[in-house]
Amino acid sequence: GAGVSQTPSNKVTEKGKYVELRCDPISGHTALYWYRQSLGQGPEFLIYFQGTGAADDSGLPNDRFFAVRPEGSVSTLKIQRTERGDSAMYLCASSPLGVGPNTGELFFGEGSRLTVL
Amino acid sequence: SQKIEQNSEALNIQEGKTATLTCNYTNYSPAYLQWYRQDPGRGPVFLLLIRENEKEKRKERLKVTFDTTLKQSLFHITASQPADSATYLCALEGNSGYALNFGKGTSLLVTP
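### What about the overall build of chain A?
Piece 1. Across its full length, chain A carries 0 helices and 11 strands.
Piece 2. Reading the helices (α) and strands (β) of chain A from amino to carboxyl end gives β-β-β-β-β-β-β-β-β-β-β.
Piece 3. With the principal axes as the frame, chain A shows a C-alpha extent of 40 × 25 × 25 Å.
Piece 4. Across the 117 residues that make up chain A, the buried fraction comes to 48%.
Piece 5. Sequence-distant contacts in chain A: of pairs separated by 6 or more residues, those separated by 24 or more amount to 54%.
Piece 6. Roughly 5,400 Å² of accessible area belongs to chain A as shown, and the carbon and sulfur atoms make up 48% of that amount.
Piece 7. Across chain A, the mean location of the 11 positive side-chain charges is 8 Å away from that of the 12 negative side-chain charges.

Okay, here's the thing in structure tokens:
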């Protein structure tokens with residue numbers, strides 16, 4: 001597709017349930033990022049993939065959060081035993097090579113809004 | 001710890017005026033800095049990247065300055081329009097060198 005696609009756009013779930021959020025990056029972009037954004041805050045880094053591997057998962061808040069990118073394209077963010085505090089907008093971004101002074105910007109999707117009741 | 005600080009209060013200006021937004025940072029030694037625009041309920045959109053050896057960069061009605069001594073970037077929108085109303089985010093590369101860290105953003109409202 002032309003841009004980064006995220007599904008679902010909205011997800012409402014109950015506390016304790018399992019959730020999967022999907023990201024389809026721009027074709028050919030090897031770098032993929034997940035961010036979480038709460039109301040009134042900036043995006044908070046969660047995890048970065050270069051190809052199939054998670055090069056940096058230092059932003060994942062705890063072991064209930066996990067992400068995969070098995071074929072180096074589509075990525076899935078998985079949240080187990082959801083808590084109300086997980087409610088936020090989850091943003092996916094991709095870039096051709098990754099961040100840097102010469103490699104330009106991140107291309108963001110429109111996000112998946114997660115609400116945990 | 002690393003911090004990126006942006007004006008927490010919304011900036012309200014009249015159409016046609018110049019909007020100036022501030023981004024201050026601590027405990028970063030950035031090679032570059034980026035600015036993004038975010039509309040409500042949407043993902044951020046890249047606007048400009050400025051490198052450490054560039055004092056100023058322009059793109060149409062946008063101008064960004066970068067002072068590594070003051071540890072500050074200023075983002076200007078000249079001849080502002082109501083369509084410029086949005087939240088503007090400042091971003092710097094984190095310690096890992098892999099990801100961008102974002103400030104909280106400053107909300108800009110341009111009234112006719």
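### Some words on the overall build of chain B
Piece 1. Counting its regular elements, chain B contains 0 helices and 11 strands.
Piece 2. The secondary structure elements of chain B, listed N-terminal to C-terminal, are β-β-β-β-β-β-β-β-β-β-β.
Piece 3. Radius of gyration (C-alpha) of chain B: 13 Å, near the 13 Å computed for a compact globule of 112 residues.
Piece 4. Projected onto its principal axes, the C-alpha coordinates of chain B cover approximately 40 × 30 × 20 Å.
Piece 5. By the burial criterion, 44% of the 112 residues in chain B qualify as buried.
Piece 6. Carbon and sulfur atoms make up 46% of the accessible area of chain B, which totals about 5,700 Å².
Piece 7. Measuring between centres, the 13 positive side-chain charges of chain B sit 1 Å from its 11 negative side-chain charges.

### So, the interface of chain A and chain B
Piece 1. At the junction of the two partners, chain A supplies 23 residues and chain B supplies 22 residues.
Piece 2. Summed over both partners, the interface of chain A with chain B comes to about 1,800 Å²; 56% of that surface belongs to carbon and sulfur atoms.
Piece 3. Between chain A and chain B we count 1 salt bridge in total.
Piece 4. Two residues, Arg-42 of chain B and Glu-110 of chain A, come together in a salt bridge whose shortest N-O distance is 2.6 Å.

### As for the side chain of Ser-85 of chain B
Residues and elements named next belong to chain B.
Piece 1. Of note, Ser-85 is situated in the loop between β8 (72-77) and β9 (86-93).
Piece 2. One polar contact links the side chain of Ser-85 to the main-chain amide nitrogen of Val-110, over a distance of 2.9 Å.
Piece 3. Ignoring anything within four residues of it in the chain, the contact list for Ser-85 reads Arg-37, Asp-39, Leu-108, Leu-109 and Val-110.

### What about the environment of Glu-20 of chain A?
All names here are of chain A.
Piece 1. Within the secondary structure, Glu-20 is located in strand β3 (residues 19-24).
Piece 2. The sequence separation of Glu-20 and Ala-67 amounts to 47 residues, and the corresponding C-alpha distance is 9.2 Å.
Piece 3. When neighbours within four sequence positions are excluded, Glu-20 is seen to be in contact with Pro-8, Thr-76, Leu-77 and Lys-78.
Piece 4. In terms of polar contacts, Glu-20 uses its side chain to reach the side chain of Tyr-18, at 2.6 Å.

### Notes on the state of the cysteines
Residue and element names in this part refer to chain A.
Piece 1. The tally for this structure, following the rule as stated, stands at 2 disulfides over all chains.
Piece 2. A sulfur-sulfur distance of 1.9 Å marks the disulfide that ties Cys-23 to Cys-92. On the sign convention where negative means left-handed, the S-S torsion of about -65° between Cys-23 and Cys-92 marks this disulfide as left-handed. Taken as a pair, Cys-23 in strand β3 and Cys-92 in strand β9 (residues 88-95) lie far apart in primary sequence, 69 residues in all. Each member of the pair, Cys-23 as well as Cys-92, is classed as buried.

### So, the sheet that holds strand β8 (residues 75-79) of chain A
Residue and element names in this part refer to chain A.
Piece 1. As summarised here, the arrangement of the 4 strands in space is β1-β3-β8-β7, forming an open sheet in which the pairing is antiparallel. Only two strands of the sheet have a single partner each, and these edge strands are β1 (5-7) and β7 (65-68). Along the sheet, successive strands turn relative to each other by an average axial angle of 15°, direction set aside.

### As for the packing of aromatic side chains
Piece 1. One pass over the full model with this rule turns up 13 aromatic pairs over all chains.
Piece 2. With a centroid separation of 5.9 Å and 70° between ring planes, the pair formed by Tyr-35 of chain A and Phe-45 of chain A is classed as edge-to-face. With Tyr-35 of chain A in strand β4 (residues 31-37) and Phe-45 of chain A in strand β5 (residues 44-50), this pair connects stretches of sequence that are 10 residues apart. The exposure classification of Tyr-35 of chain A matches that of Phe-45 of chain A, with both residues buried.
Piece 3. A ring pair is formed by Trp-35 of chain B and Phe-75 of chain B, whose centres lie 4.9 Å apart and whose planes are at 25°; its orientation type is stacked. Here the residue Trp-35 of chain B occupies a position in strand β4 (residues 32-38), and Phe-75 of chain B occupies one in strand β8, the gap between them amounting to 40 residues.
Piece 4. The exposure class of Phe-75 of chain B is buried, given its relative accessible area of 0%.
Piece 5. Of the aromatic side chains, those joined through ring pairs into one cluster are Tyr-33, Tyr-35, Phe-45, Tyr-48 and Phe-108 of chain A together with Tyr-36, Phe-46 and Phe-102 of chain B.

Conventions we followed
- Residues numbered from 1 in each chain as written.
- Chains lettered and ligands numbered in written order.
- Predicted model: local features only at pLDDT ≥ 70, side-chain atom pairs only at ≥ 80, totals over all residues.
- Heavy atoms only, no water.
- Helix = DSSP H or I, 4+ residues; strand = E, 2+ residues; numbered from the N terminus.
- Buried < 20%, exposed > 50% of the residue type's maximum accessible area, 1.4 Å probe, protein only.
- Contact = heavy atoms within 4.5 Å.
- Areas by Shrake-Rupley, 256 points an atom, 1.4 Å probe, with all protein chains shown as cover.
- Lys, Arg positive; Asp, Glu negative; His and termini not counted.
- Charge placed at Lys NZ, Arg CZ, Asp CG, Glu CD.
- Rg over C-alpha atoms; globule rule 2.2 N^0.38 Å.
- Buried area = accessible area lost by both parts, 1.4 Å probe.
- Salt bridge = Lys/Arg side-chain N within 4 Å of Asp/Glu carboxyl O.
- Polar contact = N/O pair within 3.5 Å; in protein donor to acceptor, adjacent residues only side chain to side chain.
- Disulfide = S-S within 2.5 Å.
- Pairing = 2+ DSSP bridges.
- Axes fitted to C-alpha atoms, helices over the stretch in contact; angles between N-to-C directions.
- Phe/Tyr/Trp six-rings, centres within 6.5 Å; stacked < 30°, edge-to-face > 60°.

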